[in-house]
Amino acid sequence: MIEASAMSAPAAIFSISSRTKPPSLSIFSHGRNSVVSALPRPSSDSSTSLKARGGNPPIMPAVMTPGGPLDLSSVLFRNRIIFIGQPINSQVAQRVISQLVTLATIDENADILMYLNCPGGSTYSVLAIYDCMSWIKPKVGTVCFGVAASQGALLLAGGEKGMRYAMPNARIMIHQPQGGCGGHVEDVRRQVNEAVQARHKIDQMYAVFTSQPLEKVQQYTERDRFLSTSEFWRKENGRRNRLL
């Protein structure tokens, strides 16, 4: 793993159990651990036939414990890891904020890791998550798997300094916020002002996160700029400086 922008890694997602009766579980032994499949068992009624729609069946891996099967998302959450693997909207932000607050309540002195494979999302939702990360007492580190693009890159950069990581094959893309305008002329004017203020705020945040001049950040975010983990490191005035 290559350290980038003040970035390295170690392992959850909070899952809500269904109130409905769960399907019967079949257990497959694999070494010392038993893996549980949530697939229903075939019916003994020969008149009923099940046909696959193609692709692999939906299996949620789990580990058998003395208290019963433990699914993967619960394992991650118990290890104080939050995973964001989709565009960030208000629903995703609500889930992540709930997880952050819950983990901070459980132990306010233990660090939290946030795994990111995120193509971007709503600026307001990302800022809500960042505000929560800054508000709670535990330190929140960020780890990029795959891609952290657009507002996902902002969330990656907003992690605790010294706890921001990226995998060797990860890609990071930064740019200015995107938006659209419509409605009456006065409404359009106000929407444009809001978009300009949002870009200025995000550029200032990047400048603080990266310890770079605001003018350089504005140059970087003028258009889409794709970066590899190695491109976060560069020599300047004979010294190695980090972009993040």
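Definitions and limits used
- Residues numbered from 1 in each chain as written.
- Predicted model: local features only at pLDDT ≥ 70, side-chain atom pairs only at ≥ 80, totals over all residues.
- Heavy atoms only, no water.
- Helix = DSSP H or I, 4+ residues; strand = E, 2+ residues; numbered from the N terminus.
- Buried < 20%, exposed > 50% of the residue type's maximum accessible area, 1.4 Å probe, protein only.
- Areas by Shrake-Rupley, 256 points an atom, 1.4 Å probe, with all protein chains shown as cover.
- Core = buried A, V, L, I, M, F, W, Y, C linked by side-chain atoms within 4.5 Å.
- Contact = heavy atoms within 4.5 Å.
- Expected span 1.5 Å × (residues − 1).
- Arc of directions from axis to C-beta.
- Phe/Tyr/Trp six-rings, centres within 6.5 Å; stacked < 30°, edge-to-face > 60°.
- Lys NZ or Arg CZ within 6 Å of the ring centre and 35° of its normal.
- Pairing = 2+ DSSP bridges.
- Right-handed = clockwise from strand over helix to strand, strands pointing away.
- pLDDT = per-residue confidence, 0-100.

Looking only at helices and strands, the protein has 6 helices and 12 strands in total. Here the protein holds 244 residues, and the buried ones make up 37% of them. When the accessible surface of the protein is totalled, it reaches about 15,100 Å², and 54% of it is carbon and sulfur.

If you look at the biggest cluster of nonpolar residues, it comprises 46 residues, and the most contacted ones within it are Ile 84, Leu 100, Met 114, Ile 129 and Leu 155. Apart from the residues within four sequence positions on either side, Leu 155 is in contact with Ile 84, Ile 88, Met 114, Leu 116, Val 126, Ile 129, Tyr 130, Met 133 and Thr 142.

Our focus in this paragraph is helix α2 (residues 90-106). In this model α2 runs 24 Å from its N-terminal to its C-terminal C-alpha over 17 residues, within 8% of the 24 Å that 1.5 Å per residue would give. Buried within α2 are the following residues: Val 92, Ala 93, Val 96, Gln 99, Leu 100, Leu 103 and Ala 104. Along the long axis of α2, the arc covered by the buried residues comes to 130°, so they all point the same way. Turned more than 90 degrees away from the buried face of α2, the exposed residues are Gln 91, Gln 94, Thr 105 and Ile 106. Residues of α2 that are buried make contact with α1 (72-78), β5 (81-84), β6 (112-118), α3 (123-135) and β7 (140-149).

Time to look at the packing of aromatic side chains. Any pair of aromatic rings gets described here by the distance separating the centres and the angle formed by the planes. Applying the stated criterion across every chain yields a total of 2 aromatic pairs. An angle of 55° between the planes, with centres 4.9 Å apart, marks the rings of Tyr 115 and Phe 145 as tilted. Within this pair, whereas Tyr 115 is found in strand β6, its partner Phe 145 is found in strand β7, the two being separated by 30 residues in sequence. Judged by its relative accessible area of 9%, Tyr 115 is buried. Its relative accessible area of 28% is what places Phe 145 among the partly exposed residues. Just above the ring of Tyr 220 sits the side chain of Arg 225; from NZ or CZ to the centre is 4.1 Å.

All right, on to the pairing of β5 then. In this sheet, β6 lies alongside β5 in parallel orientation, the contact comprising 4 bridges. Following the sheet pairing, Phe 83 is matched in β6 by Tyr 115. Following the chain from β5 across α2 to the adjacent parallel β6, one finds a crossover that is right-handed.

Attention now moves to helix α5 (residues 185-210). Owing to its 3.6 residues per turn, the α-helix brings residues three or four apart onto one side. Relative to the 38 Å expected for 26 residues at 1.5 Å per residue, α5 spans 38 Å between its end C-alpha atoms, a close match to the ideal helical length. By the burial criterion, the buried members of α5 are Ala 198, Arg 199, Ile 202, Asp 203, Met 205, Tyr 206, Ala 207, Phe 209 and Thr 210. Phi for Ser 211, located one or two positions after α5, is positive at around 55°.

Attention now goes to the confidence of the model for the protein. Looking at the protein, the pLDDT average stands at 75 and 69% of residues meet or exceed 70. Across residues 1-53, where pLDDT falls below 50, the model places 103 contacts with residues more than four positions away in sequence or in other chains. With pLDDT under 50 throughout, residues 233-244 is counted as low confidence; its partners more than four residues away or in other chains account for 33 contacts.

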